[in-house]
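Chains, contacts and geometry: an overview
Letter by letter, the chains look like this.
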Amino acid sequence: MKRLTMLLVFAVIGVVAGGAYWYWDRQAAVEGAAKGKSKGKGKGGGALTVRAAQAIVKPMPVLIEAVGTVEPEHSVQVRAQVSGVLKAVQFKEGDKVQAGQLLFLIDPATYQAQYNQALAQLARDRAQLENARAQQQRLEPLLKREFITRQEYDVAVTSAKSLEATVQADQAAAEQARIQLSYARITAPISGRTGTLAVKSGNLVQAAGTGAPLVTINTMDPILVSFSIPERQLEDVRRFQSDKQMRIEILADRNAPPVAEGKLVFMDNTVTSQTGTVLLKTRVPNTSEVIWPGQFVNVRIVLTIEAEAVVVPEAAVQPGQDGSFVYLIDENSKVKVQPVVVSRQLGGDVVIASGIKAGDRVITEIPQALTPGATVQLAGESKGGVKREKGKKGSKKADAKGEGQ
């Protein structure tokens, strides 16, 4: 029994040792094959496959970009000019209103009574004036015949003139009462869109109160956009200000198309010392009300159009310690690091001021193993001009054949 146990132990040890030897031998063979395979590719000097684009020449705008704030061209805070109970509100919050449209009605009873009283006073004094004038006319022939004294006639003349002044004062008082009565009807001073209603009907409103206005009306079309630019860019704006090509585009999003376009209408006469910027304004149409007062928008000043700008894709331009550069492919399919001076960027296009010319090929997708001086081939092509897919198949067959041998 003891001998059988010993045999079983030795058998197990032998099986484990044989399995381990086979496993490590197989791993060594696989690694050797892999090293030989990679070494073979290195000796062959295979070119890296890259994607590239040509630098092209096309018209590109010269831009100044900023962030602006939308503001109404006219804004009016509507307040009551007489005190009283607000009887009715003739619009809804946020409605568009026209100039002269009735907005609020204050109880006019008190002001109507004052106006009627002023009219009655005027009518009474007019009647007295007519009587005084008639008295003066009756006394005038009597004075000529010396039936009355000059003093009696002068008293009649003075009475008539005094009543004329009284009637004029009554007319002014009646007009004042009429104006106060008209203030009970509050109409829109301008056309525009109303804001939040501060007072509901039934509340007492005060004349020219210091509190919140009844409502604020803002004009929506046209509308202003104010923005600031650095003082170093002021000279460019002034130089192109009279150019017909210069325009200002308003964008809700930086990469979106313009929603409105206008001209420069205001340039502040002072540079803000705290920020070193200058305030500008543009007036743009807003018929569809795509922009709203208080909204932040992107502003793009198109100073002029550069007819022949050298343009490359954004992906081709790389940042470096000494400035921007591109990977340039020469006529021998060799890679060269080429420093460039970037003028500006518009969307996915980068305008190059210097460093490359039209027709130059620049790499847009940069492999991790790419180094200056390396040989590259464009995606979709092989050295012999055969499609890359076929080359891949061929290489796979060769690898399979090598592995079989």
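Residues numbered from 1 in each chain as written. Predicted model: local features only at pLDDT ≥ 70, side-chain atom pairs only at ≥ 80, totals over all residues. Heavy atoms only, no water.

1. Regarding unusual backbone geometry
- Following Asp221, the chain continues to Pro222 via a peptide bond in cis, the omega torsion being -5°.
- By secondary structure assignment, the location of Pro222 is in the loop between strand S10 (215–218) and strand S11 (223–230).
- One non-glycine residue, Glu289, lies in the positive phi region at around 55°.
- Examined against the element boundaries, Glu289 turns out to sit in the loop between strand S14 (277–284) and strand S15 (296–313).
- The backbone of Ser333 shows a phi angle near 65°, a positive value even though the residue is not glycine.
- Note on placement: Ser333 falls in the loop between strand S16 (325–329) and strand S17 (335–339). (Helix = DSSP H or I, 4+ residues; strand = E, 2+ residues; numbered from the N terminus.)

2. Describing the pattern of salt bridges
- The final tally for this structure, using the stated rule, is 17 salt bridges.
- As a salt-bridge pair, Lys200 and Glu93 come within 4.0 Å of each other at their nearest N and O atoms. Residue Lys200 is located in the loop between strand S8 (192–194) and strand S9 (204–205), and its partner Glu93 is located in the loop between strand S4 (84–89) and strand S5 (96–97); the two are separated by 107 residues in the primary sequence.
- Residue Lys200 is classed as partly exposed on the basis of its relative accessible area, which comes to 46%.
- Residue classification places Glu93 among the partly exposed positions, given a relative accessible area of 44%.
- Notably, a salt bridge pairs Arg193 with Glu289, separated by 2.9 Å at the nearest N-O pair. One end of the pair, Arg193, is in strand S8; the other, Glu289, is in the loop between S14 and S15, and 96 residues separate them in sequence.
- Under the relative-accessibility criterion, Glu289 is labelled buried at 14%.
- Through salt bridges with shared partners, a single ionic network connects Glu65, Arg247, Glu249, Glu261 and Arg300. (Salt bridge = Lys/Arg side-chain N within 4 Å of Asp/Glu carboxyl O. Buried < 20%, exposed > 50% of the residue type's maximum accessible area, 1.4 Å probe, protein only.)

3. A short note on the side chain of Asn218
- Within the fold, Asn218 resides in strand S10.
- Here the side chain of Asn218 touches Ser75 through a polar contact of 2.6 Å, side chain to side chain.
- Once residues within four sequence positions are removed from consideration, Asn218 is found in contact with Pro72, His74, Ser75, Gly192, Arg193 and Pro293. (Polar contact = N/O pair within 3.5 Å; in protein donor to acceptor, adjacent residues only side chain to side chain. Contact = heavy atoms within 4.5 Å.)

4. Focus: the confidence of the model for the protein chain
- When pLDDT is averaged along the protein chain, the result is 82, and 82% of the positions lie at 70 or above.
- For residues 25–44, every residue scores under 50 in pLDDT, and the model assigns this stretch three contacts once sequence neighbours within four places are set aside.
- In the predicted structure, residues 381–405 sits below a pLDDT of 50 and forms 12 contacts with residues beyond four places in sequence or in another chain. (pLDDT = per-residue confidence, 0-100.)

5. Comments concerning the nonpolar core
- Membership of the largest hydrophobic core comes to 25 residues, with the highest contact counts inside it found for Leu103, Phe104 and Ile106.
- For this core, the secondary-structure elements that each account for two or more residues are strand S6 (102–106), helix H2 (109–144), helix H3 (150–182) and S10.
- With sequence-adjacent residues up to four places away left out, Ile106 is seen in contact with Ala80, Val82, Ser83, Gly84, Val85, Leu86, Lys87, Tyr183, Ala184, Ile186 and Val205. (Core = buried A, V, L, I, M, F, W, Y, C linked by side-chain atoms within 4.5 Å.)

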